[in-house]
Amino acid sequence: MTPLHVEHADVLGELKEVRRAGLVRLRGHALPALEAAAASVAARTPEGAVEALLRRAVARLDAGTLRTAAEYTLGLAQGTRDWPASSRRARACAVYGVSVERFRKDHEVMVLGQIADRIVQLAAEGAAGEAPQDASREWGEGTHRTVEVRAGAGSARLTVHAHPIDLLRDVDVVVSPTNTYLALPEPYKSSVSASLRRAAAVRGVTGDVMADPVQEELRTWAARYGTAGRPVLPGTVAPTGAGALADQGIRRIYHAALAVPRAGTNDYDVLPADVTRASARALALLAEEHDRFVPPLRSVCFPLLGSGRGGLPPEVSLAAVWASVEAELARGARWDVHFVVRDAAAAALVERIPAGARPGRDRPPTGRSG
């Protein structure tokens with residue numbers, strides 16, 4: 001079998017084998033179709049392993065529930081490569097909010113089929129000698145990078161995470177975009193705020209939700225400040241605890257009201273100026289709460305605010321967030337700043353900051369995130 005003639009059915013069958021075995025137990029498994037496709041891709045990149053091929057294929061899926069479920073299904077999400085198949089399937093079905101049985105019969109078949117489509121496409125491109133269409137080559141196969149940036153007369157270090165936000169660990173504060181009514185989406189949605197709400201839920205031994213602490217605390221905040229049932233000004237930031245995310249080292253969630261609902265539609269409007277205002281307010285709130293916790297709050301993580309349902313291009317969102325972060329760092333603040341994005345293209349965009357490129361100028365092609 002040559003790379004040009006990799007068949008979809010063969011790839012799909014072997015993907016099912018990968019799902020059952022897991023990445024750490026693939027040695028000794030016969031995967032001729034995936035190996036042929038990987039060899040084709042290896043002609044253009046230094047890494048030709050099956051796992052590298054799988055990561056490249058999944059990176060081509062639409063950001064959101066499809067890509068997240070694919071990452072869990074194959075064990076590509078951070079910390080899941082050695083999980084048993086049943087645990088990975090359970091986490092993937094939670095992304096869609098369906099039962100394990102329904103996911104197995106319907107959603108999982110669809111997810112694996114979509115991955116197979118991308119692998120066949122990659123193999124064909126490799127055989128034709130075409131350049132890769134994704135940015136994973138530039139980013140590499142890791143999920144974390146640290147980069148030095150200029151800030152005023154000095155420098156600071158940023159940490160860039162390229163993975164779903166609910167896999168974030170050991171960052172004190174996560175900034176979560178929401179609408180001006182502070183109404184959280186349902187946990188089965190694919191947005192940043194839905195992912196955080198889902199991950200923060202307190203579950204029993206069977207996986208059933210026992211408490212929804214982030215939703216409850218946000219309602220309490222709205223009642224305390226007299227905003228229940230009416231919108232707050234864009235740029236408002238409401239702090240809550242992190243619920244079950246505390247087990248991952250997350251201590252606070254700052255809900256940034258950015259998305260203004262458009263009357264009579266399901267759409268939102270987000271202005272870059274409001275993203276900058278909310279980012280600055282989040283940093284000010286971090287300073288206010290710094291000494292109220294033991295140990296003190298020190299680290300904060302921003303997604304690309306407003307670049308999901310809000311519709312802002314990732315480079316515009318990054319420019320708006322960076323305006324407030326750079327000003328804070330330039331005046332000597334010692335916060336440990338992180339960015340979390342969903343794909344390699346957006347990660348590469350953040351990495352361009354230290355090279356002197358200002359976000360929002362010289363726009364490279366990127367996917368949506370946040």
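Residues numbered from 1 in each chain as written. Predicted model: local features only at pLDDT ≥ 70, side-chain atom pairs only at ≥ 80, totals over all residues. Heavy atoms only, no water.

> Lay out the overall build of the chain in plain terms, naming residues and giving numbers.
Along its length, the chain carries twelve helices and ten strands. For the chain, restricting intrachain contacts to residue pairs at least 6 apart in sequence, the fraction spanning at least 24 positions comes to 64%. For the chain, the accessible area works out to roughly 16300 Å², and carbon and sulfur atoms hold 51% of it. (Helix = DSSP H or I, 4+ residues; strand = E, 2+ residues; numbered from the N terminus. Contact = heavy atoms within 4.5 Å. Areas by Shrake-Rupley, 256 points an atom, 1.4 Å probe, with all protein chains shown as cover.)

> Residue-level account of the packing of helix α10 (residues 272-289) against helix α11 (residues 314-330), with values.
It is the contact of α10 with α11, at a shortest axis distance of 8 Å, that shows an interaxial angle of 35°. The handedness of the crossing between α10 and α11 comes out as right-handed. In this structure, α10 uses Pro 272, Val 275, Thr 276, Ser 279, Ala 280 and Leu 283 to contact α11, whose residues at the interface are Val 316, Ser 317, Ala 320, Val 321, Ala 323, Ser 324, Val 325 and Glu 328. Looking at the contact of α10 with α11 residue by residue, the class counts come to nine nonpolar, four polar and one charged. (Axes fitted to C-alpha atoms, helices over the stretch in contact; angles between N-to-C directions. Left-handed = near helix turned anticlockwise from the far one by under 90°. Nonpolar A, V, L, I, M, F, W, Y, C, P; charged D, E, K, R; others polar.)

> Explain the side chain of Ser 193 to me, using residue names and the numbers behind them.
Within the element layout of this structure, Ser 193 appears in helix α8 (residues 192-200). In this structure, Ser 193 is in contact with Ser 176, Pro 177, Leu 184 and Pro 185, ignoring residues within four places of it in sequence.

> Got a sec to walk through the pattern of salt bridges? Specific residues and values, please.
Counted under the stated rule, the structure contains 18 salt bridges. Salt-bridge contacts for Glu 125 lead to Arg 60; the nearest nitrogen and oxygen are separated by 2.8 Å. Pair noted here: Glu 125 is in helix α6 (residues 100-128) and Arg 60 is in the loop between α3 (50-59) and α4 (65-74), with a separation of 65 residues, a long-range link. Given a relative accessible area of 5%, Glu 125 falls into the buried group. With a shortest N-O distance of 3.0 Å, Glu 328 and Arg 331 are connected by a salt bridge. (Salt bridge = Lys/Arg side-chain N within 4 Å of Asp/Glu carboxyl O. Buried < 20%, exposed > 50% of the residue type's maximum accessible area, 1.4 Å probe, protein only.)

> Summarise the packing of α4 against helix α5 (residues 85-96); cite the residues concerned and give the values.
It is at 7 Å that the axes of α4 and α5 come closest, and there the two elements cross at 170°. The orientation of α4 with respect to α5, classified from their angle, is roughly antiparallel. On α5, the residues that touch Thr 65, Leu 66, Thr 68, Ala 69, Tyr 72, Thr 73 and Leu 74 of α4 are Arg 88, Arg 91, Ala 92, Val 95 and Tyr 96. Classifying every residue of the contact of α4 with α5 by side-chain character gives seven nonpolar, three polar and two charged. (Parallel < 35°, antiparallel > 145°, perpendicular 65-115°, else oblique.)

> Which residues make up α10, and what values do they have?
Helix length check: α10 (18 residues) gives 26 Å between terminal C-alpha atoms against 26 Å at 1.5 Å per residue, within 8%. Among all positions in α10, only Asp 274, Val 275, Ala 278, Ser 279, Ala 282, Leu 283, Leu 285, Leu 286 and Glu 289 are buried. Contacts from the buried residues of α10 go to β3 (173-179), β6 (237-241), β7 (252-261), β9 (299-302) and α11. (Expected span 1.5 Å × (residues − 1).)

> So what about unusual backbone geometry? Which residues, and what values?
Leaving glycine out, the prevailing phi sign among residues is negative, and the prevailing peptide bond configuration is trans. Cis geometry is adopted by the peptide bond preceding Pro 295, which originates at Val 294 and carries an omega value of -5°. Phi at Asp 170 takes a positive value of approximately 55°, unusual for a residue other than glycine. Tracing the backbone shows Asp 170 in the loop between β2 (154-162) and β3. Within the chain, Leu 182 stands out as a residue other than glycine whose phi angle is a positive 55°. Position of Leu 182 among the secondary structure elements: in the loop between β3 and α8.

> Talk me through the packing of aromatic side chains; I want residue IDs and the actual numbers.
Ring pairs (aromatic) are described by centroid distance and by the angle formed between their planes. In the structure shown here, the tally under the stated rule is three aromatic pairs. With a centroid separation of 6.3 Å and 35° between ring planes, the pair formed by Tyr 96 and Phe 103 is classed as tilted. When the ring of Phe 302 is compared with that of Phe 339, the centres are 6.2 Å apart and the planes differ by 35°; the resulting orientation is tilted. With Phe 302 in strand β9 and Phe 339 in strand β10 (residues 336-341), this pair connects stretches of sequence that are 37 residues apart. Accessibility classification places Phe 302 together with Phe 339 in one group, the buried group. (Phe/Tyr/Trp six-rings, centres within 6.5 Å; stacked < 30°, edge-to-face > 60°.)

> Before we move on, can you summarise α5 with the specific residues and values?
Compared with an ideal rise of 1.5 Å per residue, which puts twelve residues at 16 Å, α5 spans 17 Å between its outermost C-alpha atoms and is within 8% of the ideal. When α5 is considered as a whole, its buried residues turn out to be Ala 85, Arg 88, Arg 89, Ala 92, Cys 93, Val 95 and Tyr 96. End-on, the buried residues of α5 take up no more than an arc of 140°, which puts them together on one face. Of the residues trailing α5, Gly 97 is marked for its positive phi of about 70°. (Arc of directions from axis to C-beta.)

> Which residues make up the side chain of Arg 198, and what values do they have?
Considering the arrangement of structural elements, one finds Arg 198 in helix α8. Salt bridges are absent for the buried Arg 198, whose nearest opposite-charge side chain, Asp 166, sits at 4.4 Å. At a separation of 3.4 Å, a polar atom in the side chain of Arg 198 contacts the side chain of Ser 195. Contact partners of Arg 198, with chain neighbours within four places excluded, come to Ala 94, Val 95, Asp 166, Pro 187, Tyr 188, Lys 189 and Arg 203. (Lys, Arg positive; Asp, Glu negative; His and termini not counted. Polar contact = N/O pair within 3.5 Å; in protein donor to acceptor, adjacent residues only side chain to side chain.)

> Any details on the pairing of β3? Residues and values, ideally.
Buried residues dominate β3, accounting for seven of its seven residues. Pairing analysis gives seven bridges linking β3 to β7, with the strands arranged parallel. Note that in β7 the partner of Val 173 across the bridge is Arg 252. Of the strand pairs in this sheet, β3 and β9 are connected by two bridges, and their pairing is parallel. When the sheet's bridge partners are listed, Val 174 is paired in β9 with Cys 301. (Pairing = 2+ DSSP bridges.)

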